[in-house]
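# Overview (structure and organization)
Chain residues, written in single-letter form:
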Amino acid sequence: MSLFVPLTTPNGYQYDQPRGLFINNEFVPSSTGQVIEAVDPATALPIATVYAASADDVDKAVQAAYKALRDPSWKQLPGTERGALMARLADLMERDRALLATIDAWDNGKPYQVAYNDDLGEAISTVRYYSGWADKTFGQTISTTHTKFAYTLRQPIGVVGQIIPWNYPLSMALWKLGPALACGNTVVIKAAEQTPLSILVLARLIKEAGFPAGVVNVINGYGREAGAALVQHKLVDKVAFTGSTGTAREIMKMAAGTLKNITLETGGKSPLIVFKDSDLDQAVKWSHFGIMSNQGQICTATSRIFVHQDILDTFLQKFKETLTQTSKIGHQWDETTYQGPQVTRAQYDRILSYIELGKQEGATVVAGGGAFVPASKEHANGYFVQPTVFTNVTDSMRIYREEIFGPVVVIRSFATEEEVIRYANDSEYGLGAAVFTKDIERAHRVAAEIEAGMVWINSSQDCDPRVPFGGVKQSGIGRELGEAGLEAYTQVKAVHVNLGSRL
Ligand code: ADP
């Protein structure tokens, strides 16, 4: 199998898709020859195969990162020049933005316009943002006694293993690469097996930008094999992971073997609260976007909506109208598509089984409720799901408590602020939360009370490279993005200085 395959995308691009493991700035085959097949979720047809790393390959990638960390070409590179390399990478991504968005739309199933505007917009702005931090992370000087003082150095943590999910392939990669590189770490990054293609094209841009060999190593591989080998490797100093809470638990256990530093960004069942005094059209608009965008495959999806009992009927009616007008289901390349296919057959089956479960549990389906079969024959096997709304849910229902990761929402009424805060916090998760009200005091009071890493007031899903992102409870450990994201990639060394030896 060659290391590149010429592909023509459904929207007409021709390009050479790399298929290798990117180690030491070169594409190489896997040692075992094992592969991962990328599939177009809109047609269920294969796109291409790429090499999948074995534990031996992971070792080679880690060794490359270990060596690069100590090489003067990286270790002694001034922060300003590191930042310039990162800014160059952002420029190259901007140059190739349409191709990168095309690959993510093809491989993941999201509408091309969304991949272009949202995913690539976020990926590029994140690397640009962190390029600016590369020469602005300093230590402190601390006065102690008359004859002594100390200073601190903020140094890279070392070799970082980064494990990313499939829902935003490139933006998740840059959320992790940005701060790691700004702080001078070296990286082995593993893409999710469901979306292996775009990261290899990114790898080529990393080389073109001029990063020294071994600073960023990019591998594809299966979680249980390559992912687990990366987490357990003794030369890896830190693991950063985004994915499901179940996998995060396994990673945390494995990382304990060598006491690795970890950042985990995991699942959620985020509440969105609509008080009686809210601007109802805005509340409907954002609550629809908060669960139905990206095919509902968002860790911060506001998947539990709580509406004040006096406005529930009006809210439901408006929500259903918005679904009919906005949530057009279709393939990635149709400009009118709002909702593409789910990423894989496994996710599609899982979502449909939750919808069946909800019906069995006795919840009421007020919209959707099953698979969507497109009229075109070409897409008849695609993984399309109807946006689905359940009401009459109770505390113990699994569809109310568990993360579904699809276009499925539960809507429940409440009477008082106290009651709805109790509902909102009755979850093992604590990622995002949204509050709709015109009462400024209530908005901030509720924002403070909700157990979540992020709260949106009169909005949902806002995300910005400058603002910390992360969860509480079982939604994660640590923060990404913003200045807080730098802390995850530096360690503080204290240097004590004695100026009193002549006294
Ligand atoms: P999902 O269940 O939505 O596919 P996962 O949390 O399993 O999400 O996957 C997210 C990322 O974690 C992927 O890159 C996957 O390969 C990786 N992964 C899965 N299982 C493991 C594991 N046991 N050890 C390390 N990484 C894993």
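Treat the numbers as computed from the prediction; the structure is a model and nothing was measured. (Residues numbered from 1 in each chain as written. Predicted model: local features only at pLDDT ≥ 70, side-chain atom pairs only at ≥ 80, totals over all residues. Heavy atoms only, no water.)

### Overview of the sheet that holds strand β22 (residues 490-498)
Pairing in this open sheet of three strands is antiparallel, and the strands run β7-β8-β22 from one edge to the other. Edge strands, defined here as strands with exactly one partner in the open sheet, are β7 (141-143) and β22. Strand-to-strand, the axes of this sheet are offset by a mean angle of 25°, without reference to chain direction. One ladder, built from three bridges, connects β7 with strand β8 (residues 148-156); its direction is antiparallel. Bridge assignment links serine 143 to a residue of β8, and that residue is phenylalanine 149. (Pairing = 2+ DSSP bridges. Helix = DSSP H or I, 4+ residues; strand = E, 2+ residues; numbered from the N terminus. Axes fitted to C-alpha atoms, helices over the stretch in contact; angles between N-to-C directions.)

### Some thoughts on the side chain of arginine 304
Note on placement: arginine 304 falls in strand β15 (residues 304-308). Buried charge without a partner: arginine 304 forms no salt bridge, and the closest opposite charge is aspartate 426, 6.2 Å away. Here the side chain of arginine 304 touches lysine 269 through a polar contact of 2.9 Å, landing on its backbone oxygen. Beyond its immediate stretch of four places on either side in the chain, arginine 304 contacts Lys269, Ser270, Pro271, Leu272, Tyr400, Val410, Tyr423, Ala424, Asp426 and Ser427. (Buried < 20%, exposed > 50% of the residue type's maximum accessible area, 1.4 Å probe, protein only. Lys, Arg positive; Asp, Glu negative; His and termini not counted. Salt bridge = Lys/Arg side-chain N within 4 Å of Asp/Glu carboxyl O. Polar contact = N/O pair within 3.5 Å; in protein donor to acceptor, adjacent residues only side chain to side chain. Contact = heavy atoms within 4.5 Å.)

### Observations regarding the pairing of strand β14 (residues 271-274)
Residues Pro271 and Ile273 point to one face of β14 and Leu272 and Val274 to the other, with burial holding for every one of them. Pairing geometry for β14 and β15, over four bridges, is parallel. Among the inter-strand pairings, isoleucine 273 is bridged to a residue of β15, identified as phenylalanine 306. Following the backbone out of β14, through helix α10 (residues 280-292) and into the adjacent parallel β15, one traces a crossover that is right-handed. The sheet contact formed by β14 and strand β19 (residues 432-436) spans three bridges and is parallel. The residue of β19 that forms the bridge with valine 274 is phenylalanine 436. (Right-handed = clockwise from strand over helix to strand, strands pointing away.)

### Some words on the packing of helix α3 (residues 79-95) against helix α5 (residues 112-133)
Taken N-terminus to C-terminus, the directions of α3 and α5 make an angle of 165°; their axes are 8 Å apart at the nearest point. By the angle between their axes, α3 is roughly antiparallel relative to α5. By crossing handedness, the relation of α3 to α5 is classed as left-handed. Across the interface between the two elements, Gly83, Met86, Ala87, Leu89, Ala90, Asp91, Met93 and Glu94 from α3 touch Leu120, Ala123, Ile124, Val127, Arg128, Tyr130 and Ser131 from α5. (Parallel < 35°, antiparallel > 145°, perpendicular 65-115°, else oblique. Left-handed = near helix turned anticlockwise from the far one by under 90°.)

### Remarks on the environment of glycine 369
The topology assignment puts glycine 369 in the loop between β16 (364-367) and β17 (388-391). Residues glycine 369 and lysine 359, 10 residues apart in the sequence, show an inter-C-alpha distance of 8.6 Å. Excluding its chain neighbours within four sequence positions, the residues that come into contact with glycine 369 are Ile355, Glu356, Lys359, Gln386 and Thr388.

### So, the nonpolar core
The nonpolar side chains of a soluble globular protein tend to be buried with one another. Among the nonpolar cores identified, the biggest contains 105 residues, and Met93, Phe211, Val274 and Phe315 are the most heavily contacted of them. Among the domains, domain 1 (10-267) and domain 2 (271-464) are the pair contributing at least three residues each to this core. Each residue touching phenylalanine 315, except ones within four places of it in the same chain, is listed here: Val274, Leu280, Ala283, Val284, Ser287, Ile305, Val307 and Ile411. Ala363, Val385, Met397 and Val410 belong to the second-largest nonpolar core, a separate cluster that totals 30 residues. (Core = buried A, V, L, I, M, F, W, Y, C linked by side-chain atoms within 4.5 Å. Domains from an automatic or database assignment.)

### Re the confidence of the model for the protein
Mean pLDDT over the protein works out to 98, with 100% of the residues at or above the 70 mark. When mean pLDDT is compared element by element in the protein, strand β10 (residues 186-190) scores highest at 99, while helix α16 (residues 484-487) scores lowest at 96. (pLDDT = per-residue confidence, 0-100.)

### Considerations on the site of the ligand
Among the 19 residues in the neighbourhood of the ligand, the closest are listed as Ile164, Lys190, Glu193, Ser244 and Thr247. One nitrogen or oxygen atom from the side chain of lysine 190 is found 2.7 Å from an oxygen atom belonging to the ligand. The separation between an oxygen atom of the ligand and a polar side-chain atom of threonine 247 is 3.0 Å. In isolation the ligand exposes 550 Å². Once the protein is present, 85% of that is buried. (Near = heavy atom within 4 Å. Areas by Shrake-Rupley, 256 points an atom, 1.4 Å probe, with all protein chains shown as cover.)

### A word on the domain arrangement of the protein
One can read the domain layout of the protein as domain 1 (10-267) and domain 2 (271-464). Taking only C-alpha atoms into account, the centre of domain 1 sits 31 Å from that of domain 2. Contacts between the two partners involve 29 residues from domain 1, matched on the other side by 29 residues from domain 2. Contact between domain 1 and domain 2 buries roughly 2,300 Å² in total, counting both sides, with carbon and sulfur atoms accounting for 61%. Across the domain 1-domain 2 interface, the total number found is zero salt bridges. Linking domain 1 with domain 2 are eight residue pairs in polar contact (both at pLDDT 80 or more), by the criterion used here. Residue assignment for the side of domain 1 that touches domain 2 shows that the elements contributing at least two residues are β5 (35-40), α4 (97-108), α5 and α9 (245-256). Counting residues per element, the side of domain 1 that touches domain 2 draws most heavily on α4, which supplies four residues. Grouping the amino acids of the side of domain 1 that touches domain 2 by side-chain chemistry returns 12 nonpolar, 12 polar and five charged. (Buried area = accessible area lost by both parts, 1.4 Å probe. Nonpolar A, V, L, I, M, F, W, Y, C, P; charged D, E, K, R; others polar.)

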